[in-house]
Amino acid sequence: VGSQFYVRNLFYNVPARRKFLEKSTTSTGQIKSEFQRVALCNPQVGFELLMNDQPLYRLPAASLASRIVDVVGRHIKQNLLEVDADTSIVRVTGFVGRPAAAKKSNSSEQYLFVNGRYFRSPYFFKAILKAYEKLIPDACSPSYFLYLTIDPSRIDVNVHPQKTEVKFADEEAVWQIINAAVRETLAKTGAVPLMDFDQTDSVEIPVLTKGAVYREPKAMSNESYNPFRADYASDVSERMPDVDFSGFDAPYDGEMPAGKGVGAEDRYDEMIPSAGFAPTEMEFIPSAGEPVQQRLMDGPAACFSGVTVLGNGYASALYGGKWVVVDLRRARERVLYDNYLLLLTNGSSVSQQLLFPERLAFSENEYALLEENAVDFAALGFDLEFCGGGAVEVKGVPADIPHDTIDRLIYELLQEFAVPVDVQALRREKIAAVMACSGARSMSRTISTEEAESLLGQLCEGGNVSFTPSGKAVMAEITLEEIRNKLG
């Protein structure tokens, strides 16, 4: 049931051309790209893609969100934000990625569709990127899977031989609607501050039409206003109330503005006579300078004692005579970072073999990058078998990594390997940070006192107890002064 497409024996009668194909995976990559586009546009249809009789994709019929996860990978599941905006011009649905998940090279996770057809548009890409302005670094771009539904008479799909470009009659209006729809989605998650969107109403962008009459709003101004004229100060002083300071001990060195004095009965209620009060003096206190992040450094001998689990991933303890609250997940991240950095430096590894190896599919560039850095992956504890055609079989993983995050972790590591660095030690630090973050993410919020004591003991052995690799504070000191302020 359904349709089957077979591509076999290409250039069978042209050996020279066939020999060239064996050295290149360009055709395979193009077929996979086209397969992904069709699969993403038809989530209600099941798809299967095989190469040399080996399955690359087996996609059951599913919802749009599930289809995106099946095609792109499980790493994107937690980063999808739903977009849904219906206007009189176009309807925009689909998903965009969280700002925190934006990457430097992300073209493989950017899709635009109109009326069930994939298309490219640098113009609309700018509309999406504009919505993320100041939310992501300049060199990064977000993931997006946006589906436009529009009157077919308002678009022209015959402007490019490959039909990947589409001409829109209301191009500027569609640009504004896409931008507003993405910003609305980001605002609902709190990513865009100071914006008040009504989630029940649709986004409506008015379109400029011929023959419409638009009134210019009236502007009000005070033509006589001029703060630079000579009599401006005297006019202000005449409007200011006069105050009698004769009943105060504190001397007044300034000159009172000219005007009529007031008697004792006209004085303001807030004026307090000087009887029984000494002259008041003001003391200038200089600024303390820029705020400095708190860092607890009590020497190598300091360690944790009196550990008490507070719940929800936090614990309190005494550290160097100070009472602190520790984020246990961040403490775990710091411990893992130190361990992975040591493994990468020494070239040793601790691998946990999988009972059922997991087969992953990668693009041509990702597969080549994975092969190029196979030694570093082995040092981290990955046992990988390269099967060719973009397929990799994962037989073992680092001991601290949960199995359901393997594909996401490898993808994140590939992003780090893709960025060239001059200093190898800097790359090792970044890789160790990615590994530590992934390992700490799976840590349970429920932890026993014994486990917390063991974790904090390992944290002390590492030497750095203050910050995670990304610079977040591991602990915070609670002072007696803060407690007194709370109790009043």
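Below: a short report on this structure. Not measured: the values here are computed from a predicted model. (Residues numbered from 1 in each chain as written. Predicted model: local features only at pLDDT ≥ 70, side-chain atom pairs only at ≥ 80, totals over all residues. Heavy atoms only, no water.)

## Regarding the overall build of the protein chain
Then, number 1: A tally of regular secondary structure across the protein chain gives 13 helices and 16 strands.
Then, number 2: Taking as baseline every contact in the protein chain between residues at least 6 positions apart, the subset at least 24 positions apart corresponds to 62%.
Then, number 3: In the form shown here, the protein chain has an accessible surface area of approximately 31,100 Å², with 52% of it arising from carbon and sulfur atoms. (Helix = DSSP H or I, 4+ residues; strand = E, 2+ residues; numbered from the N terminus. Contact = heavy atoms within 4.5 Å. Areas by Shrake-Rupley, 256 points an atom, 1.4 Å probe, with all protein chains shown as cover.)

## Some remarks on the side chain of Asp 327
Then, number 1: Structurally, the position occupied by Asp 327 is in strand S12 (residues 322-327).
Then, number 2: Asp 327 sits in the buried class, given a relative accessible area of 11%.
Then, number 3: Those residues in contact with Asp 327 that lie beyond four places of it in its chain are Gly 313, Tyr 314 and Val 474. (Buried < 20%, exposed > 50% of the residue type's maximum accessible area, 1.4 Å probe, protein only.)

## Let's talk about the packing of aromatic side chains
Then, number 1: The full count for this structure, using the stated rule, is 16 aromatic pairs.
Then, number 2: A ring pair is formed by Phe 113 and Tyr 147, whose centres lie 4.7 Å apart and whose planes are at 10 degrees; its orientation type is stacked. Here the residue Phe 113 occupies a position in strand S5 (residues 110-114), and Tyr 147 occupies one in strand S7 (residues 144-150), the gap between them amounting to 34 residues.
Then, number 3: Between Phe 377 and Phe 382, the ring centres sit 5.6 Å apart and the planes meet at 65 degrees, which makes this aromatic pair edge-to-face.
Then, number 4: For Phe 377, a relative accessible area of 0% corresponds to the buried category.
Then, number 5: For Phe 382, a relative accessible area of 5% puts it in the buried group. (Phe/Tyr/Trp six-rings, centres within 6.5 Å; stacked < 30°, edge-to-face > 60°.)

## Here we look at the environment of Ala 452
Then, number 1: With respect to the element layout, Ala 452 can be found in helix H12 (residues 449-462).
Then, number 2: On the accessibility criterion, Ala 452 (0% relative accessible area) is buried.
Then, number 3: Spatially, the C-alpha atom of Ala 452 lies 7.2 Å from that of Val 309, the residues being 143 residues apart in sequence.
Then, number 4: Beyond its immediate chain neighbours, meaning those up to four positions away, Ala 452 contacts Val 307, Val 309, Leu 328 and Ile 447.

## Points about the nonpolar core
Then, number 1: One finds Val 92, Leu 146, Leu 148, Phe 168, Val 174 and Ile 178 to be the most contacted residues of the largest nonpolar core, which totals 34 residues.
Then, number 2: Among the elements that line this core, the one with the most residues is helix H5 (residues 171-188), at eight residues.
Then, number 3: Those residues in contact with Val 92 that lie beyond four places of it in its chain are Val 83, Asp 84, Ala 85, Leu 146, Tyr 147, Leu 148, Ile 177, Ile 178 and Ala 181.
Then, number 4: Listed in part, the 31 residues of the second largest apolar core include Tyr 337, Leu 360, Ile 406 and Leu 409. (Core = buried A, V, L, I, M, F, W, Y, C linked by side-chain atoms within 4.5 Å.)

## Here's the deal with the sheet that holds strand S15 (residues 391-398)
Sheet strands line up and pair through hydrogen bonds in the backbone, either parallel or antiparallel.
Then, number 1: Here three strands make up an open sheet; going across it, the order is S13-S15-S14 and the pairing antiparallel. Every other strand in the sheet has two partners, leaving strand S13 (351-361) and strand S14 (383-388) as the edge strands with one partner each. Across this sheet, the average inter-strand angle for adjacent strands is 15 degrees, counted without regard to direction.
Then, number 2: Where S13 meets S15, seven bridges bridge the pair, whose relative direction is antiparallel. Within S15, the position partnered with Glu 358 by the bridge is Val 394.
Then, number 3: Where helix H8 (residues 364-372) meets the sheet, it contacts S14 and S15, and its direction lies at approximately 135 degrees from that of S14.
Then, number 4: Sheet strands in contact with helix H10 (residues 406-418) are S13 and S15, and its direction is about 75 degrees off that of S13. (Pairing = 2+ DSSP bridges. Axes fitted to C-alpha atoms, helices over the stretch in contact; angles between N-to-C directions.)

## Re helix H3 (residues 64-72)
Then, number 1: Taken together, the buried positions of H3 are occupied by Arg 67, Ile 68, Val 69 and Val 71.
Then, number 2: Positive phi appears at Gly 73, one or two residues downstream of H3, with a value of about 135 degrees.

## A few points about a nonpolar patch on the surface
Then, number 1: On the surface, a cluster of nonpolar side chains totalling about 410 Å² of accessible area is made up of Val 7, Leu 10, Phe 11, Val 14 and Ile 31.
Then, number 2: Looking at the element boundaries, Phe 11 is found in the segment before helix H1 (15-22).
Then, number 3: Looking at Phe 11, the relative accessible area reads 35%, which means it is partly exposed. (Patch = residues over 30% accessible without salt bridge, like charges linked within 9 Å, V, L, I, M, F, W, Y side chains within 5 Å. Salt bridge = Lys/Arg side-chain N within 4 Å of Asp/Glu carboxyl O.)

## What about the packing of helix H4 (residues 122-131) against H5?
Then, number 1: Orientation of H4 relative to H5, taken along the N-to-C sense of each, is 30 degrees, at an axis distance of 8 Å. Comparing their axes, H5 and H4 come out roughly parallel. Crossing handedness for the pair H4 and H5: right-handed. Here Tyr 123, Phe 124, Lys 126, Ala 127, Ile 128, Lys 130 and Ala 131 of H4 come into contact with H5, specifically with Glu 171, Glu 172, Val 174, Trp 175, Ile 178, Asn 179, Val 182, Arg 183 and Leu 186.
Then, number 2: Residue classes in the contact of H4 with H5 are distributed as ten nonpolar, one polar and five charged. (Parallel < 35°, antiparallel > 145°, perpendicular 65-115°, else oblique. Left-handed = near helix turned anticlockwise from the far one by under 90°. Nonpolar A, V, L, I, M, F, W, Y, C, P; charged D, E, K, R; others polar.)

## Let's talk about the sheet that holds S12
Then, number 1: Spatially, the four strands line up as an open sheet ordered S10-S11-S12-S16, and their pairing is antiparallel. Edge positions in the open sheet fall to strand S10 (304-311) and strand S16 (475-477), since each of these has one partner strand only. Strand-to-strand twist in this sheet, taken as the mean axis angle between neighbours without regard to direction, amounts to 25 degrees.
Then, number 2: The sheet contact formed by strand S11 (residues 314-319) and S12 spans six bridges and is antiparallel. Note on S12: the bridge partner recorded for Tyr 319 is Lys 322.
Then, number 3: Across the sheet, H12 is in contact with S10, S11 and S12; its angle to S10 comes to roughly 130 degrees.

## Quick look at the pairing of strand S2 (residues 54-59)
Then, number 1: Of the pairings in the sheet, the one linking strand S1 (residues 47-51) to S2 comprises five bridges and is antiparallel in character. The residue of S2 that forms the bridge with Met 51 is Gln 54.

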